[in-house]
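# Architecture and fold: a report
As a plain string of letters, each chain reads:
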Amino acid sequence: MSEYTAKDGTDELCTAALRMRRGIEHLDRDPLCARAFRVMNAAMHDQRARQVMIHTKADRPNDDEHAWRPFQMAFILLNLEGLTDAESPDRELADVLWFPTGGGKTEAYLGLIALTLSLRRLRGRPGAGGGVGVLMRYTLRLLTLQQFERASTLICALEKWRRAELPTAAPISIGLWLGQGATPNDVKTAAAVLRRSSGELGETDEGNPRQLLRCPWCGADLPAKCYDADTRRDVLVVRCSDELCEFRSGLPVHLVDSDVYRERPSLVIGTVDKFAMLPWQKNAGRLFSVDGEFDTPDLVIQDELHLISGPLGTLVGLYETAVDLLATGAARPKLVASTATIRRAAAQVHAVFDRTASQFPPPGIDATDSFFAVDSEPHERGTRRYVGVMAPNASAATLMIRTYAALLQAGAAIRDDEVKDAYWTLLGYFNSLRVLGAAFIQAIDDVRDRIMVVARQTGAEPRLVVEPRELTSRKKSTEIPIELDALATSYPDPASPDMVLATNMISVGVDVDRLGLMVVMGQPQTTAEYIQATSRVGRRHPGLVVTLYNAARSRDLSHYESFTSYHRALYRQVEATGATPFAPRALDRGLHGVLTAIARHTVPGAEADSAAEVPARASQLDAVRDAILARARSVAPESEASVSAALDDLSEAWEYAAADSAIRKYAGWRDPRGALLVPAGGNPWEADEPSLVDAFPVGDPPWPTLTSLRNVDRESALYLARARRRNSGQ
């Protein structure tokens, strides 16, 4: 290490230590902040005790003491001043919690959430401290639902404190803000789905409001009858089935979009692509308190930062222009992000969030010792052992069948039930649904037959395995909570699964610490995905990861040949990520959506669907244009001219359409006539409507506009041109 690199490392360590000291001093100066800090500790203790109680199926929380890990408390102290003092220079930083998967990052920012929400009420902010205080964003629906369950327990603990200590303050609640494929948009739809389910999760393509299977406070079952969708009062109430539970009259959770907009939950958990609805939904601005009834959000949390990259990261960064502007009140909200696998984090944070990134823990001068985490010796703490298997003379299917059979039968031979539980469920990871589909059939038939062979060879009783479970995008949102519940079921419970087949859906957010056995079918596309996927096992007990390589594929063969060196420096192989929010094609697809979102939610009188002409006629588009241009100038100065020209064209088209009375509404969901926006990707009312490829860049209204930030890659049609036969005389 060079002298300059070492000096930079020690400077970062000193800066982090100084910020932690300032956080402690802030607690001494601000009594309300100190009280909120104590509330945070008590609520997090209750949350952990309740989680353990539910996991162990105990009758009541035990009296065990639960402690912070040093890096968790350090991260809270590091952010304390910037979070609680709007004038602190730390407020502008994006603090990136960079820690290995399974290390406890979630608890660190749950602590920040508890501190934020309790302090808003102790300070008596506008509206008794109500409104959305924290926005928590994820990229995957599975990850979102998992963290929703954990955060709900914390919110219950905070609401219990609020009822006892500050009964006049605004209630503390949590809201789930997802697409309609996951949760309903309104109570009427929720009631219809619950009726069709007849008490169980039935077959439906619509989102199901039953996202909690158990009470997050006491662990009691929450069947469909506990979900009361009152269409008359237009509200969905989730009541605990236990008459002795603190929340028997209603849990502080909101699962329907209309409830989320009306109640403005203290903590809103959603997916990043949901923010594409900002130009479409008049009530979306209420989450940012644009009406001034409450304070704007104090904290924004972006989990799994490494997933905000590529096309998704590019459009998230562009729409972040609107999100950041709407969320800024007296000051910008504090931004916290977390990841375990990323490279060039500083450049990515600047591109997406227009902030300076600060990594925690700082790298220091020794990669194996950050003070908060030290590489342990294998005999001290086993984590995961990787085994590579390749059979040049056998097919990939044969290799998989024999490996599955051997591991499943070996797991059944373990005598200790606690150890057996870790290796009872085999988690199979696949790079595509096509390969997984073939493996599913083989697991039902061939694996069972092979287990018989293995059992005869060892003289043991053959293990009886049932049909594998599945965690993929083919599963409906109504089924995901059931699959996660089954995955967490421990042996010797008969419901504990033998095999679970999954794709990259489980790469992030599946925090089931009982898992210890995984088989990876083929080398994943990226090292980051490989690390994230295999980190699902080996959390409580040492994990075993068996990677099966296909000898017919050169990439798999290369990874097999360099298996040892590759795995010795696994994190060094993580690929760089990037986002270019103001690139030309990104502007074509999203700039008009951002312009509409900001204008609709900041121009007075422009929120209603029938007020689409107001921003143009009130000559307010220049201010919106300047705000977007300032963002582009900061993030990508080289794009300023192209952004300015595009904004001029859009503003002119909007103003001309308003002057000609050609627009009477924002959304043209079913009828494009008089609409400013229509869904991109083809409209059902016109058979010859251009595809998503041909819709951009937009011209005169109606503008084809994204309703999701996914699946936005440009597609190219490929035609096979056959050579014409020439005449013999030519």
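Residues numbered from 1 in each chain as written. Predicted model: local features only at pLDDT ≥ 70, side-chain atom pairs only at ≥ 80, totals over all residues. Heavy atoms only, no water.

### Comments concerning the overall build of the protein chain
The condition that has to hold: Helix and strand assignments follow DSSP, with helices taken as H or I runs no shorter than four residues and strands as E runs no shorter than two, numbered in order from the N terminus. In this treatment the radius of gyration is a C-alpha quantity, and the globule benchmark scales as 2.2 Å times the residue count to the 0.38 power. Relative accessibility under 20% of the residue-type maximum defines a buried residue, over 50% an exposed one, and the middle range a partly exposed one, all with a 1.4 Å probe and only protein chains included. In what follows, residue pairs with any heavy atoms lying within 4.5 Å of each other are defined as contacts. The Shrake-Rupley method, run with a 1.4 Å probe, gives the accessible areas here. Residue values count only the displayed protein chains as cover. In this tally Asp and Glu are treated as negative and Lys and Arg as positive; neither His nor the chain ends contributes. Here the site of a charge means NZ on Lys, CZ on Arg, CG on Asp, or CD on Glu.
Of regular secondary structure, the protein chain possesses 21 helices and 19 strands. A globule of 730 residues ought to have a C-alpha radius of gyration of about 27 Å, and the protein chain, at 27 Å, matches this closely. Expressed as a percentage of its 730 residues, the buried residues of the protein chain come to 55%. Of the contacts made within the protein chain by residues no fewer than 6 positions apart, 76% connect residues no fewer than 24 positions apart. For the protein chain, the computed accessible surface area is about 32,000 Å², with 50% contributed by carbon and sulfur atoms. Across the protein chain, the 84 positively charged side chains and the 94 negatively charged ones have centroids separated by 3 Å.

### Overview of the sheet that holds strand 18 (residues 675–679)
Condition: Note on pairing: DSSP must find at least two bridges between two strands before they are called paired. Angles shown run from 0 to 180 degrees and are taken between the N-to-C directions of axes, each axis being a line fitted to C-alpha atoms and, for helices, limited to the stretch in contact.
Overall, parallel pairing links the three strands, which are arranged 17-18-19 in an open sheet. Each edge of the open sheet carries a strand with a single partner, namely strand 17 (665–667) and strand 19 (703–705). The mean inter-strand angle of the sheet, taken between neighbouring strand axes irrespective of direction, is 25°.

### Focus: helix 18 (residues 584–602)
Residues spaced three or four apart along an α-helix point in a common direction, a consequence of the helix completing one turn every 3.6 residues. How we decide: To estimate the expected span of a helix, count its residues, drop one, and scale the result by 1.5 Å.
Between the first and last C-alpha of helix 18 there are 26 Å, a value that for 19 residues agrees with the 27 Å anticipated at 1.5 Å per step. Most of helix 18 is tucked away: 16 of the 19 residues are buried.

### Side note on the environment of Arg 344
Inspection of the secondary structure puts Arg 344 in the loop between strand 9 (334–339) and helix 9 (345–353). Classification of Arg 344 by relative accessible area gives exposed; the value is 53%. Residue contacts for Arg 344: discarding those within four places in its chain leaves Ala 576 and Thr 577.

### With respect to the environment of Ser 661
Secondary-structure assignment places Ser 661 in the loop between helix 21 (640–659) and strand 17. The spacing of Ser 661 and Gly 219 is 442 residues in sequence and 57 Å in space, taken between C-alpha atoms.

### Here we look at the sheet that holds strand 6 (residues 253–254)
Strand order across the open sheet formed by eight strands is 6-3-7-2-8-9-1-10, with parallel pairing between neighbours. Lying at the two open borders of the sheet, with one neighbouring strand each, are strand 6 and strand 10 (356–360). In the sheet, strand 2 (residues 134–138) pairs with strand 7 (residues 267–271) via five bridges, with the strands oriented parallel. When the bridges of strand 7 are listed, Met 136 appears paired with Ile 269.

### Describing the pattern of salt bridges
We count it as follows: Should a side-chain nitrogen of Lys or Arg be within 4 Å of a carboxyl oxygen of Asp or Glu, the pair is scored as a salt bridge.
In this structure the tally under the stated criterion is 42 salt bridges. A salt bridge links Lys 7 to Asp 11; the shortest N-O distance between them is 3.0 Å. Of this pair, Lys 7 and Asp 11 both sit in helix 1 (residues 3–29), four residues apart, which is roughly one turn of that helix. Of the charged contacts in the structure, one is a salt bridge between Arg 673 and Asp 671, with a shortest N-O distance of 2.8 Å. The exposed category is assigned to Arg 673, whose relative accessible area is 58%. The exposure class assigned to Asp 671 is partly exposed, which follows from its relative accessible area of 25%. By sharing partners, the salt bridges in this structure join Arg 19, Arg 22, Arg 29, Glu 81, Asp 90, Asp 95 and Lys 334 into a single network.

### Remarks on unusual backbone geometry
Put simply, Phe 360 and Pro 361 share a cis peptide bond, and its omega is -5°. With respect to the element layout, Pro 361 can be found in the loop between strand 10 and strand 11 (384–390). Between Tyr 491 and Pro 492 the backbone carries a cis peptide bond, its omega angle lying at 15°. Mapped onto the fold, Pro 492 is located in the loop between helix 14 (480–487) and strand 14 (499–502). Non-glycine residue Arg 264 carries a positive phi angle of around 50°.

### Observations regarding the packing of helix 18 against helix 21
Put simply, the test is: Oblique is the label for any angle not under 35 degrees, not over 145, and not in the 65 to 115 range, which are roughly parallel, roughly antiparallel and roughly perpendicular in turn. By convention, the crossing between two helices is left-handed when the near helix turns anticlockwise from the far helix through less than a right angle, and right-handed when the turn is clockwise. Residue classes follow a fixed rule: Ala, Val, Leu, Ile, Met, Phe, Trp, Tyr, Cys and Pro count as nonpolar, while Asp, Glu, Lys and Arg count as charged, and any other residue, Gly among them, counts as polar.
At a minimum axis separation of 11 Å, helix 18 and helix 21 run at an interaxial angle of 60°. For the element pair helix 18 / helix 21, the angle class is oblique. Note on packing geometry: the crossing formed by helix 18 with helix 21 is right-handed. Residues Leu 587, Leu 591, His 592, Leu 595, Thr 596 and Ala 599 of helix 18 form the contact with helix 21, whose participating residues are Ser 642, Val 643, Ala 646, Leu 647, Leu 650, Ser 651 and Trp 654. Its residues placed into classes, the contact of helix 18 with helix 21 shows nine nonpolar, four polar and no charged.

### Points about the domain arrangement of the protein chain
Operational definition: What fixes the domain bounds is an automatic or database domain assignment. Here the buried area means the combined drop in accessible surface, using a 1.4 Å probe, for two parts upon being joined, counting both sides.
Taken domain by domain, the protein chain consists of domain 1 (6–288 + 295–360), domain 2 (384–573) and domain 3 (584–681 + 693–705). Between domain 1 and domain 3, the C-alpha centre-to-centre distance is 31 Å. In this assembly, 25 residues from domain 1 lie in contact with 26 residues from domain 3. A buried area of about 2,000 Å², summed over both sides, lies between domain 1 and domain 3, and 72% of it is on carbon and sulfur atoms. At the boundary of domain 1 and domain 3, one finds one salt bridge. Salt-bridge contacts for Asp 324 lead to Arg 631; the nearest nitrogen and oxygen are separated by 2.9 Å.

### Brief notes about the packing of helix 2 (residues 31–56) against helix 4 (residues 105–122)
Two elements in contact, helix 2 and helix 4, have axes whose closest approach is 8 Å; the angle formed by their N-to-C orientations is 130°. In terms of their interaxial angle, helix 2 and helix 4 are classed as oblique. The interaxial crossing formed by helix 2 with helix 4 has right-handed handedness. Taken together, the residues of helix 4 that come into contact with helix 2 (itself represented by Leu 32, Cys 33, Arg 35, Ala 36, Phe 37, Val 39, Met 40, Met 44 and Gln 47) are Glu 107, Leu 110, Gly 111, Ala 114, Leu 115, Ser 118, Leu 119 and Leu 122. Of the residues assigned to the contact of helix 2 with helix 4, the class counts are 12 nonpolar, three polar and two charged.

### As for the side chain of Ser 258
Mapping Ser 258 onto the fold places it in helix 7 (residues 257–263). Those residues in contact with Ser 258, other than ones at most four positions away along the chain, are Asn 185, Asp 186, Val 187 and Asp 234.

### Digging into a negative patch on the surface
Our working definition: Two distance rules govern patches: like charges are joined within 9 Å, and nonpolar side chains (Val, Leu, Ile, Met, Phe, Trp, Tyr) within 5 Å, applied only to residues with over 30% relative accessible area and no salt bridge.
Together, Asp 622, Asp 649, Glu 652 and Glu 655 line one region of the surface with negative charge. In terms of residues, the negative patch owes the most to one element, helix 21, which gives three residues. When you line up the elements, Asp 622 lands in helix 20 (residues 621–635).

### Here we look at the nonpolar core
The condition is simple: Side-chain atoms within 4.5 Å are what join buried Ala, Val, Leu, Ile, Met, Phe, Trp, Tyr and Cys residues into a set we call a nonpolar core.
Judged by nonpolar contacts, the single largest core of 79 residues is most densely connected at Phe 37, Ile 113, Leu 158, Tyr 227, Leu 267, Ile 269 and Phe 360. Element by element, the count of residues in this core is highest for helix 4, at 10 residues. In contact with Leu 267, other than residues within four places in its own chain, are Ile 113, Leu 117, Val 134, Met 136, Ala 151, Ile 155, Ser 173, Ile 174 and Gly 175.

### A few points about the packing of aromatic side chains
Note the cut-off: Each aromatic pair joins two rings of Phe, Tyr and Trp (for Trp, the six-membered one) with centres within 6.5 Å, and gets the label stacked for planes under 30 degrees apart, edge-to-face for over 60, and tilted for any other angle. For a ring to carry a charge above it, either NZ of a lysine or CZ of an arginine must fall within 6 Å of the ring centroid while also lying within 35 degrees of the normal to the ring plane.
Applying the stated criterion to the full structure yields 14 aromatic pairs. Their ring planes at 90° and their centres at 5.1 Å tell us that Phe 371 and Phe 372 sit as a pair that is edge-to-face. Phe 371 sits in the exposed class, given a relative accessible area of 67%. One aromatic cluster is present, formed by Phe 75, Phe 360, Phe 371 and Phe 372 through successive ring pairs. Across the ring face of Trp 424, the terminal group of Arg 463 is positioned such that the distance to the ring centre comes to 3.6 Å.

### Remarks on helix 1
Taking 1.5 Å as the rise per residue, helix 1 with 27 residues should run 39 Å; its terminal C-alpha atoms sit 39 Å apart, in good agreement. Among all positions of helix 1, only Gly 9, Ala 16, Arg 19, Met 20, Gly 23, His 26 and Leu 27 are buried. If you follow the buried residues of helix 1, they end up packed against helix 2, helix 3 (70–84), strand 1 (93–98), strand 9 and strand 10.

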